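# Report on the structure
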Amino acid sequence: MLTRDGVIARYIFAFCFFFLSGSELITGWCATVSGVLGTIEFATAVLWYSPLYDWAEYLKSKAEPQIIPKQDKL
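Now for a description of the structure that goes with this document.

So, how was this worked out
Residues numbered from 1 in each chain as written. Predicted model: local features only at pLDDT ≥ 70, side-chain atom pairs only at ≥ 80, totals over all residues. Heavy atoms only, no water. Helix = DSSP H or I, 4+ residues; strand = E, 2+ residues; numbered from the N terminus. Buried < 20%, exposed > 50% of the residue type's maximum accessible area, 1.4 Å probe, protein only. Contact = heavy atoms within 4.5 Å. Areas by Shrake-Rupley, 256 points an atom, 1.4 Å probe, with all protein chains shown as cover. Lys, Arg positive; Asp, Glu negative; His and termini not counted. Charge placed at Lys NZ, Arg CZ, Asp CG, Glu CD. Axes fitted to C-alpha atoms, helices over the stretch in contact; angles between N-to-C directions. Parallel < 35°, antiparallel > 145°, perpendicular 65-115°, else oblique. Left-handed = near helix turned anticlockwise from the far one by under 90°. Salt bridge = Lys/Arg side-chain N within 4 Å of Asp/Glu carboxyl O.

## Observations concerning the overall build of the chain
A count of helices and strands for the chain gives three helices and zero strands. Reading the secondary structure of the chain in the N-to-C direction produces α-α-α. For the chain, buried positions account for 18% of its 74 residues. Sequence separation of at least 24 residues holds for 60% of the intrachain contacts in the chain that already meet a minimum separation of 6. Total accessible area on the chain stands at roughly 6,500 Å², and carbon and sulfur atoms take up 68% of it. When the 6 basic and 7 acidic side-chain charges of the chain are each reduced to a single mean position, those positions are 11 Å apart.

Rendered as structure tokens:
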């Protein structure tokens, strides 16, 4: 779940991406990528959810050291 500040930042990023491609400051593939990124940022802002947070938590859980029990030697 995103914080309020995170949502506001995503709206700002979405506006910037849409403005760049819509005003033809960038064209071609760059404009296409900018439009896609704007759509992604807008969707994450509207839903107050970012899959990057889930991915980061998943990686943190995998990175925790695992304790291996000692085995008795004969």
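## Some details on the side chain of E41
Along the chain, E41 falls in helix α2 (residues 29-47). The buried category is assigned to E41, whose relative accessible area is 16%. Apart from the residues within four sequence positions on either side, E41 is in contact with R10, F13, A14 and F17.

## Focus: the packing of helix α1 (residues 4-22) against α2
When two helices pack together, their arrangement is captured by the angle between the axes and the distance separating the axes. With their axes 8 Å apart at the nearest point, α1 and α2 run at an angle of 155° to one another. As the angle between them shows, α1 and α2 are arranged roughly antiparallel. The interaxial crossing formed by α1 with α2 has left-handed handedness. Seen from α1, the contacting residues are V7, R10, Y11, F13, A14, F17, F18, L20 and S21; seen from α2, they are A31, S34, G35, L37, G38, T39, E41, F42, T44, A45 and V46.

## Some details on the pattern of salt bridges
As enumerated under the stated definition, the model contains two salt bridges in all. Measuring nitrogen to oxygen at the nearest pair gives 3.4 Å for the salt bridge that ties E41 to R10. Taken together, the residues span a long stretch of sequence, with E41 in helix α2 and R10 in helix α1 at a distance of 31 residues. On the basis of relative accessibility, which here comes to 15%, the residue R10 falls in the buried class. With its nearest N and O atoms 3.9 Å apart, the salt bridge here joins E57 to K60. In this pair, E57 and K60 both sit in helix α3 (residues 51-63), three residues apart, roughly one turn of the helix.

Take it as geometry only, folks, not as evidence of what the structure does.
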